[in-house]
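Inside the fold
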Amino acid sequence: MSTLAVSTMPARSSRLHPIAIRIMHWTNAAAMIVLIGSGWGIYNDSVIIHGLHFPVKIGSWAAESLLWHFAAMWVLTLNGAAYLIYGVATGRLRERLLPIRLRDVVETVRETLRFKLAHEDLTTYNAVQKILYIVVILAGVAQVVSGVAIWKPVQFSGLVSLLGGFQSARLIHFLGMAVIVGFLVVHVALSLLVPRTLWAMLTGGPELPSQRKEA
Ligand code: HEM
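As a starting point, this report considers the structure included with it.

Conventions and cut-offs
- Residues numbered from 1 in each chain as written.
- Predicted model: local features only at pLDDT ≥ 70, side-chain atom pairs only at ≥ 80, totals over all residues.
- Heavy atoms only, no water.
- Near = heavy atom within 4 Å.
- Polar contact = N/O pair within 3.5 Å; in protein donor to acceptor, adjacent residues only side chain to side chain.
- Helix = DSSP H or I, 4+ residues; strand = E, 2+ residues; numbered from the N terminus.
- Nonpolar A, V, L, I, M, F, W, Y, C, P; charged D, E, K, R; others polar.
- Contact = heavy atoms within 4.5 Å.
- Axes fitted to C-alpha atoms, helices over the stretch in contact; angles between N-to-C directions.
- Parallel < 35°, antiparallel > 145°, perpendicular 65-115°, else oblique.
- Left-handed = near helix turned anticlockwise from the far one by under 90°.

**Regarding the site of the ligand**
- Close contacts around the ligand come from 20 residues, with H25, Y83, R92, Y125 and H187 the closest.
- Contact distances for the ligand include 2.7 Å between an oxygen atom and a side-chain N or O atom of Y83.
- Note that an oxygen atom of the ligand is positioned 2.8 Å from one of the side-chain N or O atoms of R92.
- Elements represented by at least two residues in the shell around the ligand include exactly α2 (19–45), α6 (127–151), α8 (166–193) and α9 (195–203).
- The dominant element in the shell around the ligand, judged by the number of residues it contributes, is α8, at 5 residues.
- Across the shell around the ligand, the residue classes break down as 12 nonpolar, 7 polar and 1 charged.

In structure tokens:
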């Protein structure tokens, strides 16, 4: 096809959340929820914080929880890696999550405290959303790394030392879970408060003109 023919073609449009993103997002969410529930079952068998037990868990006893945990761990690791590779390769992660400016963070916090936070434009995340998404992505990576360390402490003894020993790696894994649960509470509450965002993550959302490739 000639250069002229390509450059006069109308720009191709894509959805706000392409199908690949939606599949990966919901797969990650399901895997995280199974990991949290089964992690609580494993934790109950050998508590870190005296007196803290989780009444809700996946798996009727620790060994069953462990099976669920490993199954979901593979799903999260492979699907999470696919999300990161897709996000870097298409530029989506950089476009949606960067830059984060201090004055935008201050402005978002100020508007939220005055209950004036607008969410008219679905195509851009506010500064606090960007920070939350980056934190949860990093927490997910930290969970995989600390999880590998406590799963195979002999084979990955160098990693265990880097994390400050076995008990410290276990504590990091526990704190990572707490960060993700905290994120989930805020994230689900906000998506229910602004259901248009939830609908968009289910159906793809509005069409966006995508960058035309020059021949
Ligand atoms: C721990 C599990 C979850 C994680 C790690 C997670 C993570 C994320 C991330 C990183 C994004 C940005 C995606 C992008 O634009 O590339 C996102 C968007 C979104 N997520 Fe989740 N999510 C989780 C669970 C959920 C759940 C359970 C719901 C629904 C109740 C949900 C609803 C949404 C919605 C509606 C958006 C779009 C937000 C907007 O357009 O303003 N997520 N999520």
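**Considerations on the side chain of T108**
- By the secondary structure assignment, T108 is in helix α5 (residues 102–113).
- In this structure, T108 is in contact with L117, N126, A127 and V128, ignoring residues within four places of it in sequence.

**Digging into the packing of α2 against helix α3 (residues 62–90)**
- Interaxial distance between α2 and α3 falls to 8 Å at its minimum, and their mutual angle equals 150°. Classified by the angle their axes make, α2 and α3 are roughly antiparallel. The interaxial crossing formed by α2 with α3 has left-handed handedness.
- Its residues assigned to classes, the contact of α2 with α3 shows 18 nonpolar, 9 polar and 1 charged.

Take it as geometry only, folks, not as evidence of what the structure does.
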